[in-house]
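The primary structure of each chain is shown beneath.
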Amino acid sequence: MAPRTPLLLIGGILVLCCWTAIANAEEYMLYKDPKQPMAARIIDLMKRMTLEEKIGQMTQIERTVAKHDVMTKYFIGSVLSGGGSVPAKHAPPEKWVDMVNKIQKSALSTRLGIPMIYGIDAVHGNNNAYKATIDPELVKRIGAATALEVRATGIPYAFAPCIAACRDPRWGRCFESYSEDQSIIKSMTELIPGLQGDRPANVQKGVPYVAGQQYVAACAKHYVGDGGTVKGINENNTIATWGQLLRLHMPAYYDSVIKGVSTIMISYSSWNGKKMHANRDLITGFLKKTQRFRGFVISDWQAIDRITSPEHANYTYSIETSINAGLDMIMVPYNYTEFIDGLTFLVKNNFVPMSRIDDAVKRILRVKFAMGLFEHPLADYSMAKYLGHPAHREIAREAVRKSLVLLKNGKSSDQPMLPLPKKAEKILVAGTHANDIGNQCGGWTIEWHGKSGDITPGTTILSAIKNTVDPSTQVHYTKNPDPNHVKTSNYSYAIVVVGEVPYSETYGDSLNLTLPHPGPSIIKNICASTKCVVVLVTGRPVVFEPYLEQVDALVAAWLPGSEGQGVADVLFGDYGFTGKLPITWFKKC
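Residues numbered from 1 in each chain as written. Predicted model: local features only at pLDDT ≥ 70, side-chain atom pairs only at ≥ 80, totals over all residues. Heavy atoms only, no water.

### Side note on the sheet that holds strand 9 (residues 274–275)
Stated formally: When DSSP locates at least two bridges between a pair of strands, those strands are taken to pair. Strands here are runs of E lasting at least two residues and helices are runs of H or I lasting at least four, both read from the DSSP assignment and numbered beginning at the N terminus.
Pairing is mixed in the open sheet, where three strands are placed in the order 6-8-9. The outermost strands of the open sheet, each flanked by one partner alone, are strand 6 (237–238) and strand 9. As paired strands, strand 8 (residues 270–271) and strand 9 are joined by two bridges and run antiparallel to one another. When the bridges of strand 9 are listed, Ser 270 appears paired with Lys 275.

Pasting the structure below:
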C-alpha cells in the first residue's frame, strides 16, 4: 500500500490554498462592502489604484466623447452633458437612463469597477422663479423636486445651486443668482438639503452627504466673487479687499459647506487680477483648510485653459497650476488625452506631488461612496414618472406666485389697477412674451442659451389669462397691435407682457440694460390709448424709467418658466403680491 503522508500533505496544501484564495477575495471586496466604514473603503480602494486610474478619476468628459473604449482605456471618473447636449431631441427619460447606464457599464467593466458620476446643469428658468422672496422652506421643496426630476433621467449629480452675489445686473449670469444680498443668498442654500437630503446630526460638518436614491449630489458655484466683476463683464476681474470678499461673496459658501454640499465649482473670474482656477490660497488654504470642506472641487467648462492668455497657450502650465491650486476634478471636456498625458507627465516629473493626486482622488471617492454610487451605480425606469410630475408643477406655480414683485399699482395710490377684474367685456393681451414659453424660461432651458418659441411643455401667460378670466370675457391677443386698432377697440384694459430674449453667460452681458425692441413701442402704442398693466419677463432689472409714467401698473415676473399660471393667479387677485426685490432696481444704467 502506498504511503498516506504525501496525500495528507497535498490535502493540507489544497486547504491552505483555498483559505488563502478566500482571504484574498474578502480583502479585494472590502471597498465594495457597504458595511465597512467609508474611510476604510476609500483607503482600501486607493491602495489598489494605479496612477493612471487615479488621474482618470480626476477627469470629466462630455457625453459625446464618452465611448466605451475611452471610458475603459482612461478609467474616466465623470461624464457630463454640456448645455443643450442631449441623447436625442425631446428625448424621454427612458432614453436618458439608457444613455447614462451604457456609459456607466463601461466604467464598471474596468479592473476595479469604479462607477463614474454623471453631472448636468439644473439651472434654468425656474431657478429664478423663487429668488425674489425669502422662503427657505419653499426653496427646499423645489430642491427636492429638482432632485427627483434629475434622477428621473438617470443622473445623480446637479451643478446647482448658483450662490453668486449679483453685484452688477449687467452681468449675463445675473439671472442664475438669487440676489445681491448675502442674507438672502444664505437662506437660499436650503436648496442643498432639498437636493441632497437633510444631513444627520452624526455626520460631520463639511463632509458630503446624500440621503439616498431620490436625491442628487449638489454643487455650489462659482467660487468665488463671480458676480462682482468690473462692469458686470462675465469672467472678468473682481476688485475687492479681503474684507469685502468675505462680506459680499463668501458667506453662502460657509452655509453650503456646513450643509454638506458634495462639490464646489470654481469661477472663471479673477480676484484682484489672479485667476480663481489658479488661486491656491483661496481653494486649498481657505476653502479646504479654513472652511474644512471635504467634498471635491471641480473646474468649470474648459476653465483651466483660460488661466493663460491667449486661452490654451500653455496647457501644461494650466494643468500644473490648477491641480496644485487644489482642483480635484477637471471639466476637460473634450481634449482628455492632452489633460491625462499632461498630468501624468507632471506627476512623474515631480511638478505635481503624489500627495496632491491622492487628496483629489480621496475627495472624489468620498462623494461617490456618500452617494451610494458603488451600491447603486445603474439607474432604472422607476424614477421616470417624476419628470414633469403634476406635484412639481404645483410647487413651481407656487414659486412663481411668491416671486412676483409689484413695482407700480395705479396712477395714484388711491386708484390701484390691480387686482384686475376677471369679468370684463373685452381685454387685450399683447407683447413678445405673452405667448412664448421659451421667453418665459430664459437661458439654460433645453439649449445652452435657451430659445424663443414653443420649446418645452408649459403654460404661457396668455393661456393662463384665458384660464382665469370669466367665461364671458373676450380675450384678444396680438403680439404687436396697430395703435389705431387699440384706439378704436374700446378695450376694458390691456395686459402687455414684454422682456428680454433668452441668453446665458457672456452672451447675456449688457452695458445698457435697455428693454429690447419692440417692447418699448408696444408699451407706447397700447398704454397711450387704454389702461394697461405691463408684466416684465426678465432675468434682472432693466431700464424702465422712460416708460413708467405711461403705464398704470408694473409687475416684475422674472423668469416664470413653464408655469405662467402663477402670474395670472396674482394679477387677478386669487393670491396677493408677496415678493420683494432681491436686487436694486435702478432708474438708468
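### Some points on the packing of aromatic side chains
Two measures describe an aromatic ring pair: the distance that separates the ring centres and the angle between the ring planes. Defined as follows: For Phe, Tyr and Trp, rings pair up if their centres lie within 6.5 Å, where Trp contributes its six-membered ring, and each pair is then called stacked (planes under 30 degrees apart), edge-to-face (over 60) or tilted (otherwise). Remark: exposure states derive from per-residue accessible area (1.4 Å probe, protein chains only) relative to the maximum for the residue type, with buried under 20%, exposed over 50%, and partly exposed in between. In this scheme, Lys NZ or Arg CZ marks a charge over a ring once it lies within 6 Å of the ring centre and within 35 degrees of the ring normal.
With the rule as written, the count across this model stands at 15 aromatic pairs. When the ring of Tyr 254 is compared with that of Phe 286, the centres are 6.2 Å apart and the planes differ by 80 degrees; the resulting orientation is edge-to-face. Of this pair, Tyr 254 sits in helix 11 (residues 251–258) while Phe 286 is found in helix 12 (residues 280–290), placing the two residues 32 residues apart along the sequence. The exposure class assigned to Tyr 254 is partly exposed, which follows from its relative accessible area of 35%. Ring geometry for Trp 301 against Tyr 334: centres 5.6 Å apart, planes inclined by 85 degrees, an arrangement best described as edge-to-face. In this pair, Trp 301 sits in the loop between strand 10 (296–298) and helix 13 (315–325) while Tyr 334 sits in the loop between strand 11 (330–331) and helix 14 (336–348), placing the two residues 33 residues apart along the sequence. Judged by relative accessible area, which is 36%, Tyr 334 ranks as partly exposed. An aromatic cluster is built from Trp 242, Tyr 254, Trp 271 and Phe 286, whose rings are joined through pairwise contacts. Across from the ring centre of Tyr 575, 3.9 Å away, lies the NZ or CZ of Arg 401, which sits over that ring.

### Topic: the pattern of salt bridges
Using the following cut-off: Definition used for salt bridges: Asp or Glu carboxyl oxygen within 4 Å of a side-chain nitrogen of Lys or Arg.
All told, the structure shown has 28 salt bridges when counted by the stated rule. Note that Arg 141 is salt-bridged to Glu 398, the shortest N-O span being 3.0 Å. With a gap of 257 residues between them, Arg 141 in helix 7 (residues 136–152) and Glu 398 in helix 16 (residues 390–403) connect regions that are remote in the sequence. The class for Arg 141 is partly exposed, based on a relative accessible area of 28%. Glu 398 sits in the buried class, given a relative accessible area of 15%. Between Arg 356 and Asp 328 there is a salt bridge, with the nearest N and O atoms lying 2.6 Å from each other. One end of the pair, Arg 356, is in helix 15 (residues 354–370); the other, Asp 328, is in the loop between helix 13 and strand 11, and 28 residues separate them in sequence. By sharing partners, the salt bridges in this structure join Asp 135, Glu 137, Arg 141, Glu 398 and Lys 402 into a single network.

### Points about the state of the cysteines
The criterion, for reference: A pair of sulfur atoms, both from cysteines and within 2.5 Å, is called a disulfide here.
According to the stated counting rule, one finds two disulfides in the structure shown. Between Cys 166 and Cys 174 runs a disulfide, and the two sulfur atoms are separated by 2.1 Å. Because the torsion about its S-S bond is -110 degrees, the bridge between Cys 166 and Cys 174 counts as left-handed. Taken individually, Cys 166 and Cys 174 each receive the classification buried, so the pair is uniform in this respect. A sulfur-sulfur separation of 2.0 Å characterises the disulfide bridge that pairs Cys 527 with Cys 532. Given an S-S torsion of about 110 degrees, the disulfide between Cys 527 and Cys 532 has right-handed geometry. Of all cysteine sulfurs in the structure, the one in Cys 166 sits closest to Cys 162, which takes part in no disulfide; the separation is 9.4 Å. Take Cys 162: its relative accessible area is 1%, and that puts it in the buried class. Not engaged in a disulfide, the cysteine Cys 441 finds its nearest cysteine sulfur in Cys 162; these two sulfurs lie 18 Å apart.

### So, the UniProt feature "domain: Glycoside hydrolase family 3 C-terminal" (unreviewed entry) in the protein
What counts here: UniProt positions are given in the numbering used here, feature names are shortened, and annotations may be inferred rather than shown by experiment.
Here, the residues flagged by UniProt with the feature "domain: Glycoside hydrolase family 3 C-terminal" (unreviewed entry) are residues 404–588. Taken as a whole, residues 404–588 contains 19% helix and 17% strand, while its terminal C-alpha atoms sit 22 Å from one another.

### So, the environment of Val 497
Operational definition: Only heavy atoms matter for contacts: two residues are in contact if any of them lie within 4.5 Å across the pair.
You can see Val 497 is positioned in strand 15 (residues 493–499). Exposure remark for Val 497: the relative accessible area of 0% places this residue in the buried category. Put simply, Val 497 and Lys 479 are 18 residues apart on the chain and 9.1 Å apart in space, counted from C-alpha to C-alpha. Setting aside residues up to four positions removed in sequence, Val 497 forms contacts with Ala 430, Gly 431, Thr 432, His 433, Ala 434, Ile 461, Val 535 and Val 537.

### Observations concerning the packing of helix 7 against helix 16
Put simply, the rule is: Convention adopted: a line fitted to C-alpha atoms gives each axis, helices being fitted over their contacting stretch, and angles between N-to-C directions are expressed from 0 to 180 degrees. The crossing is said to be left-handed when, going from far helix to near helix, the turn is anticlockwise and less than a right angle, and right-handed when the turn is clockwise. When residues are grouped by polarity, Ala, Val, Leu, Ile, Met, Phe, Trp, Tyr, Cys and Pro land in nonpolar, Asp, Glu, Lys and Arg in charged, and all others, Gly among them, in polar.
Remark: helix 7 packs on helix 16, axes separated minimally by 10 Å, with the N-to-C direction vectors making an angle of 145 degrees. Of the two possible hands of crossing, helix 7 and helix 16 adopt the one that is left-handed. Only His 392, Ile 395, Glu 398, Ala 399 and Lys 402 of helix 16 make contact with helix 7, whose side of the interface consists of Leu 138, Arg 141, Ile 142, Ala 145, Leu 148 and Glu 149. Partitioning the contact of helix 7 with helix 16 into residue classes produces six nonpolar, one polar and four charged.

### Considering the nonpolar core
Note the following rule: We call a set of buried Ala, Val, Leu, Ile, Met, Phe, Trp, Tyr and Cys residues a nonpolar core when their side-chain atoms join them within 4.5 Å.
Counting 108 residues, the largest nonpolar core has Tyr 223, Leu 343 and Leu 365 as the members making the most contacts within it. The greatest single-element share of this core, amounting to seven residues, is contributed by helix 15. Here Leu 343 is in contact with Ile 55, Met 58, Ile 319, Ile 323, Val 352 and Ile 357, once residues within four sequence places are set aside. Formed by 33 residues, the second largest nonpolar core is a distinct cluster that contains Leu 420, Ile 427, Val 469 and Tyr 503.

### Digging into unusual backbone geometry
Note that the residue after Ser 309, namely Pro 310, is joined by a cis bond; omega there is 5 degrees. With respect to the helices, strands and loops of the structure, Pro 310 is situated in the loop between strand 10 and helix 13. For the bond from Leu 418 to Pro 419, the omega torsion is 0 degrees, close enough to zero to count as cis. Structurally, Pro 419 can be placed in the loop between strand 12 (405–409) and strand 13 (426–430). Positive phi outside glycine occurs at His 312, with the angle close to 65 degrees. Among the structural elements, His 312 can be located in the loop between strand 10 and helix 13. A positive phi angle, close to 60 degrees, is found at Trp 444, a residue other than glycine. Inspection of the secondary structure puts Trp 444 in the loop between helix 17 (437–441) and helix 18 (461–468).

### With respect to helix 18
Definition in use: The arc in question is the one traced by the directions running from the helix axis out to the C-beta atoms.
Considered for burial, the residues of helix 18 that qualify are Ile 461, Leu 462, Ala 464, Ile 465 and Thr 468. The arc enclosing the buried residues of helix 18, seen along the axis, measures out at 160 degrees, which places them on a common side.

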